[in-house]
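So you can see what is in the structure, the chains are spelled out below.
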Amino acid sequence: MTAAEKLIAAASAARENAHAPYSNFRVGAALRARSGRVITGCNVENASYGLTVCAERVALLKALSEGERGFEAIAVVADTERLTPPCGACRQLLWEFCGDIEVIAANLRGDTKTFRLAELFPEPFDASFL
Ligand code: THU
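Residues numbered from 1 in each chain as written. Predicted model: local features only at pLDDT ≥ 70, side-chain atom pairs only at ≥ 80, totals over all residues. Heavy atoms only, no water.

Hey, could you run me through a nonpolar patch on the surface in this one?
A cluster of nonpolar side chains, namely Phe125, Phe129 and Leu130, defines an oily patch on the protein surface of about 420 Å² accessible area. By the secondary structure assignment, phenylalanine 129 is in the segment after helix H4 (117–120). Residue classification places phenylalanine 129 among the exposed residues on the basis of a relative accessible area of 57%. (Patch = residues over 30% accessible without salt bridge, like charges linked within 9 Å, V, L, I, M, F, W, Y side chains within 5 Å. Areas by Shrake-Rupley, 256 points an atom, 1.4 Å probe, with all protein chains shown as cover. Salt bridge = Lys/Arg side-chain N within 4 Å of Asp/Glu carboxyl O. Helix = DSSP H or I, 4+ residues; strand = E, 2+ residues; numbered from the N terminus. Buried < 20%, exposed > 50% of the residue type's maximum accessible area, 1.4 Å probe, protein only.)

Have a look at this one:
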């Protein structure tokens with residue numbers, strides 16, 4: 001298994017834990033830290049819809065809270081024909097903590113597409129403006 005395949009497999013497994021009773025749109029994410037650790041997340045929805053947290057941000061915040069710094073790649077898995085990329089809010093957070101990492105979008109049929117975050121999130125606002 002390649003490193004990308006391992007990350008996709010971890011994201012697929014995390015997707016099983018998705019709490020998505022409102023949208024029924026289940027997402028899993030897996031983030032590979034520079035340390036080599038893989039930290040996973042799934043989307044967690046809430047009856048107050050706006051409080052929903054995406055799989056990518058769950059993975060990122062878990063990783064940060066456990067002391068990880070520096071990240072290499074994130075895989076995002078959803079059951080869609082058109083591969084699901086991170087939403088705008090997640091792109092902003094990923095940029096701040098991961099910079100121009102590899103973003104691997106995958107579905108359950110084995111389709112994958114790899115991006116750099118800089119191509120998904122051009123002209124970012126970041127701390128350099130402050
Ligand atoms: N969602 C994610 O977890 N990641 C994405 O990249 C796209 C959207 C979640 C949020 C919500 O629970 C559901 O998918 C529908 O938007």
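Let's pick the thread back up.
Explanation requested: the pairing of strand E2 (residues 38–42) in the structure shown.
The side chains of a regular strand alternate, residue by residue, between the two faces of the sheet. Examined bridge by bridge, strand E1 (residues 27–33) and E2 share 5 bridges and lie antiparallel to one another. When the bridges of E2 are listed, alanine 30 appears paired with threonine 40. Between E1 and the antiparallel strand that follows it, E2, lie 4 residues; glycine 36 among them carries a positive phi value of about 100 degrees. (Pairing = 2+ DSSP bridges.)

Help me out: how do you make sense of the packing of helix H2 (residues 55–65) against helix H3 (residues 88–98) in this one?
Two quantities define a packed helix pair, namely the angle between the helix axes and the distance between the axes. Relative to each other, H2 and H3 sit at 25 degrees, their axes nearing to 9 Å. Here H3 runs roughly parallel to H2, going by the angle between their axes. Along this stretch, H2 crosses H3, giving a crossing that reads as left-handed. Contact with H2, carried on its side by Glu56, Arg57, Leu60, Leu61 and Leu64, involves Ala89, Cys90, Leu93, Leu94, Phe97 and Cys98 of H3 and no other residues of that element. In the contact of H2 with H3, the residues fall into 9 nonpolar, no polar and 2 charged. (Axes fitted to C-alpha atoms, helices over the stretch in contact; angles between N-to-C directions. Parallel < 35°, antiparallel > 145°, perpendicular 65-115°, else oblique. Left-handed = near helix turned anticlockwise from the far one by under 90°. Contact = heavy atoms within 4.5 Å. Nonpolar A, V, L, I, M, F, W, Y, C, P; charged D, E, K, R; others polar.)

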